[in-house]
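Each chain, written out:
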Amino acid sequence: MKALVLHSTGIENLKYEDVDMPRFGPRDVLIRVRMTGITNLEWLIVNDLPYSIFTIKKPVPLNPMPHILGLEVAGTVEAVGERVMDLSVGDRVAVYEIIFDGSCDLCLQGNQQICRNQKHFGINTNGGWAEYTVVPESNAIRIPGDMSWELAASLSHSVNVAYHALNRGGVDSGKTVVVFGASGNTGMFAVQLAKLLGATVIAVTRNKEKRAWLRDLGADHVASLEDVAEVVNEATHGRMADVVINSLGNYTWKLGLEVTGSGGRVVFFGGYESLELTLNPLQSVYNREISVIGTRVGSLKEFKDLLGIYRNLKVRTWRVYKLNEWERALTETREKDGKQFIEVS
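Residues numbered from 1 in each chain as written. Predicted model: local features only at pLDDT ≥ 70, side-chain atom pairs only at ≥ 80, totals over all residues. Heavy atoms only, no water.

Considering helix α4 (residues 187-196)
Burial within α4 is extensive, with eight of its 10 residues counted as buried. Regarding α4, the residues found buried are Gly187, Met188, Phe189, Ala190, Val191, Gln192, Leu193 and Ala194. Its buried side turned inward, α4 meets α3 (149-168), β10 (176-180), β11 (200-204), α5 (211-216) and β17 (339-343). Trailing α4 by a residue or two, glycine 198 shows a phi angle of about 100 degrees, which is positive. (Buried < 20%, exposed > 50% of the residue type's maximum accessible area, 1.4 Å probe, protein only. Helix = DSSP H or I, 4+ residues; strand = E, 2+ residues; numbered from the N terminus. Contact = heavy atoms within 4.5 Å.)

Brief notes about the sheet that holds strand β14 (residues 260-268)
Pairing within the open sheet is parallel, and its six strands lie in the order β12-β11-β10-β13-β14-β15. Whereas interior strands pair on both sides, the edge strands pair on one side only; in this sheet they are β12 (221-223) and β15 (291-294). Looking at each pair of strands side by side, their axes are set apart by 20 degrees on average, direction ignored. Direction of pairing for β10 relative to strand β13 (residues 241-246): parallel, over a ladder of three bridges. Residue pairing in the sheet places valine 177 in a bridge with valine 243 of β13. (Pairing = 2+ DSSP bridges. Axes fitted to C-alpha atoms, helices over the stretch in contact; angles between N-to-C directions.)

Here's the deal with the nonpolar core
Soluble globular proteins tend to bury their nonpolar side chains together. Of all hydrophobic cores here, the largest spans 55 residues; its most connected members are Met147, Val159, Val177, Val179, Val191, Leu193 and Ile245. At the level of secondary structure, the elements contributing two or more residues to this core comprise α2 (105-108), α3, β10, α4, β11, α5, β13 and α9 (300-305). Beyond its immediate chain neighbours, meaning those up to four positions away, valine 191 contacts Val179, Ala182, Val201, Ala203, Leu214, Leu217, Gly218 and Ala219. (Core = buried A, V, L, I, M, F, W, Y, C linked by side-chain atoms within 4.5 Å.)

Digging into the packing of α3 against α4
It is at 9 Å that the axes of α3 and α4 come closest, and there the two elements cross at 60 degrees. On the basis of their axis angle, the class for α3 and α4 is oblique. Judged by the sense of rotation from one axis to the other, the crossing of α3 with α4 is right-handed. Side by side, α3 and α4 meet where Leu151, Ser154, Ser158, Val159, Ala162, Tyr163 and Leu166 of the first sit next to Phe189, Ala190, Leu193 and Ala194 of the second. Taken together, the residues of the contact of α3 with α4 sort by class into nine nonpolar, two polar and no charged. (Parallel < 35°, antiparallel > 145°, perpendicular 65-115°, else oblique. Left-handed = near helix turned anticlockwise from the far one by under 90°. Nonpolar A, V, L, I, M, F, W, Y, C, P; charged D, E, K, R; others polar.)

A closer look at the pairing of β14
For a regular strand, side-chain orientation follows a simple rule: the groups alternate between the two sheet faces. Inspection of the sheet shows β13 paired to β14 by five bridges, in the parallel sense. By the bridge assignment for β14, alanine 241 is matched with threonine 260. Of the crossover connections in this fold, the one passing from β13 over helix α7 (residues 253-258) to the parallel β14 is right-handed. Relative to β15, β14 runs parallel, the two sharing four bridges. Bridging across to β15, arginine 265 finds its partner in serine 291. (Right-handed = clockwise from strand over helix to strand, strands pointing away.)

Things to note about the environment of isoleucine 309
Relative to the assigned elements, isoleucine 309 resides in the loop between α9 and β16 (317-322). Sequence spacing of isoleucine 309 and leucine 196 is 113 residues, and the spatial spacing of their C-alpha atoms is 8.9 Å. Setting aside its immediate chain neighbours within four residues, isoleucine 309 contacts Leu193 and Leu196.

Considering the packing of aromatic side chains
Summed over the entire model, instances satisfying the criterion amount to three aromatic pairs. Between tyrosine 96 and phenylalanine 100, the aromatic rings sit 6.1 Å apart at their centres with planes inclined by 70 degrees, giving edge-to-face as the arrangement. For the pair formed by tyrosine 96 and phenylalanine 100, the shared burial category is buried. Centre to centre, the rings of tryptophan 253 and phenylalanine 268 are 5.4 Å apart; their planes meet at 90 degrees, and the pair counts as edge-to-face. Remark: phenylalanine 268 occurs in strand β14 and tryptophan 253 occurs in helix α7; sequence separation between them is 15 residues. Owing to a relative accessible area of 3%, tryptophan 253 belongs among the buried residues under this scheme. Relative accessible area serves as the criterion here: at 31%, phenylalanine 268 is assigned to the partly exposed category. Members of the aromatic cluster, connected to one another through ring pairs, are Tyr96, Phe100 and Phe303. (Phe/Tyr/Trp six-rings, centres within 6.5 Å; stacked < 30°, edge-to-face > 60°.)

Side note on unusual backbone geometry
Across the junction of asparagine 63 and proline 64, the peptide omega takes the value 0 degrees, indicating a cis bond. Positionally, proline 64 belongs in the loop between α1 (40-46) and β4 (73-80). Of the consecutive residues methionine 65 and proline 66, the connecting peptide bond is found in the cis state with omega at -5 degrees. Phi angles above zero are rare outside glycine, and histidine 237 is one such case at about 55 degrees. In this structure, methionine 240 is a non-glycine residue whose phi angle is positive, near 70 degrees.

Here's what the structure looks like:
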């Protein structure tokens, strides 16, 4: 089969080549990949740039090596192991990205995303930048026939990350939510999901050209980094935000605290702009009893819950590439105006 294979970090070491078909076990599912997303995490890995906690570990903990990336995957079931019970050849599926044991205390509490024995699909296993990929049956989630392949692939990471962050932030009707990085892969879904949960949504973007489509996705207000404090103050009559979603890290940390109201919550993940964080002054946090909450991808239940509301979600697709157009795709990542996808078959 054809795949994009990373032989070591650095974009010059990513190759489009023939590899063996993946083997699958008795409880595994072989998926013919239809659509796979390009996330910031993969762009940073390929270019050997700082990314998430993996930067602390050298060499980069990709397994196996050479490696096939691809966190966001949707496709059709090509074959199943003899002990697979609930999926059949031809089923349309999306991949839940945390491979979990299902038996540790955290899994039994419904927190598969922090399983004590977890593997990360596309990081600790080969991912979806290939014609075929393999996951355990528990990670292949059947999707409706009318769901677009772009949205199905986005469920794997971008949508579920945003949904989990909002849930951890306690977003519900009447809350005011500020989303930094609103035009990014997760931000565009955080805007929509916060609105569906009944919140007033203030989207923050550095690019004025993106303001129109953020309003189309449901943002009540769209602000820049320069005027967000003023916009939040006016929209809340001085109360400031109940929840702030920050995927940019230290770059917007001080500003995020500034727009958070008393008793509010700052929920953060990603941090691709900076891996270091300074809480200065500390009084700005404890005097207003602000909660600071770290999150990652959502639970398996949250992933499945999204299947009940997917018709209310839109994907801002910028471009769709073929697998052999990977070099153009990764070159254009920093200028994208929406999500990028690779259509594999």
